[in-house]
Amino acid sequence: MNEGHDVSDLTFLTLMPGSYRVGVLILGVLTTSAVVIPLSAEIPSVMSLVLAILLVALFAAAFLMQAVVRLGTNGVHIRVAGVFRTTIHYDQITGAAPDRVTRVREGMGLRILPNKTTGVNGQ
């Protein structure tokens, strides 16, 4: 079938493209600096630190976003950004085809496509 591999042991991982990751990193640094530095003079330093940690965590989550597709014994298991997940059973799959390349504004995840079909956008 797949050159000696059982279907149940194939996992595919996609990360956000490098240029997008650099953009998220720069945006995170600029946003954190623009919010925390001016507020640090007006709020206690502990609150400034907590705010900075929350902002860094938010941008780190976006920076590390990934899509994982695992071919299991009963279907295709898809997890996007650690939040969205679904299983598509093999008997529900009627075909597979690539779609157009998308950009960051389309995001990652499941898509409802024409003709009542579903697609996965993993960037």
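Our subject is the structure listed above.
Notes on the structure follow. Quantities reported herein were computed from a predicted structural model and do not represent experimental measurements.

**Some details on the environment of Ala-62**
Move 1: Here Ala-62 shows up in helix 2 (residues 45-63).
Move 2: Judged by relative accessible area, Ala-62 falls into the partly exposed class, the value being 25%.
Move 3: Beyond its immediate stretch of four places on either side in the chain, Ala-62 contacts Met-16 and Val-24.

**Brief notes about the nonpolar core**
Move 1: Of all hydrophobic cores here, the largest spans six residues; its members are Leu-10, Ala-67, Leu-71, Val-76, Ile-78 and Val-80.
Move 2: Of all elements in the fold, only strand 2 (66-71) and strand 3 (75-80) reach the threshold of two or more residues within this core.
Move 3: Among the elements that make up this core, the one with the highest residue count is strand 3 (three residues).

**Re the sheet that holds strand 2**
Move 1: Taken in spatial order, the four strands line up as 1-2-3-4 in an open sheet, and their pairing is antiparallel. Across the chains shown, the open sheet's two edge strands, defined by having one partner strand only, are strand 1 (10-15) and strand 4 (84-89). Taken pair by pair, the neighbouring strands of this sheet meet at an average axis angle of 10 degrees, ignoring direction.
Move 2: For strand 1 and strand 2, the ladder comprises six bridges, and the chain directions are antiparallel. Across the sheet, residue Leu-10 finds its bridge partner in strand 2, namely Leu-71.

**Brief notes about the pairing of strand 2**
Move 1: Here strand 2 runs beside strand 3; their pairing, made up of five bridges, is antiparallel. In the strand pairing of strand 3, Ala-67 is matched with Val-80.
Move 2: A loop of three residues connects strand 2 with strand 3, the two strands running antiparallel in sequence.

About the thresholds
- The residue numbers shown here count from 1 along each chain, following its written sequence.
- pLDDT decides what is reported in this predicted model: residues at 70 or higher carry local features, side-chain atom pairs at 80 or more are listed and counted, and totals for whole chains, interfaces and linings draw on all residues regardless.
- Side-chain metrics rest on all non-hydrogen atoms present in the structure, leaving aside hydrogens and water.
- For helices the rule is a DSSP run of H or I covering at least 4 residues; for strands it is a run of E covering at least 2, with both sets numbered from the N terminus onward.
- Each residue is assigned to one of three classes by its accessible area relative to the maximum for its type, calculated with a 1.4 Å probe on protein chains only: buried under 20%, partly exposed between the two thresholds, exposed over 50%.
- The contact criterion used throughout is that any non-hydrogen atoms of two residues lie within 4.5 Å.
- For the purposes of this section, nonpolar cores are sets of buried Ala, Val, Leu, Ile, Met, Phe, Trp, Tyr and Cys residues that join through side-chain atoms within 4.5 Å.
- Any two strands between which DSSP finds at least two bridges are classified as paired.
- Only the stretch in contact is used when fitting a helix axis, every axis being a line fitted to C-alpha atoms; angles between N-to-C directions are given from 0 to 180 degrees.

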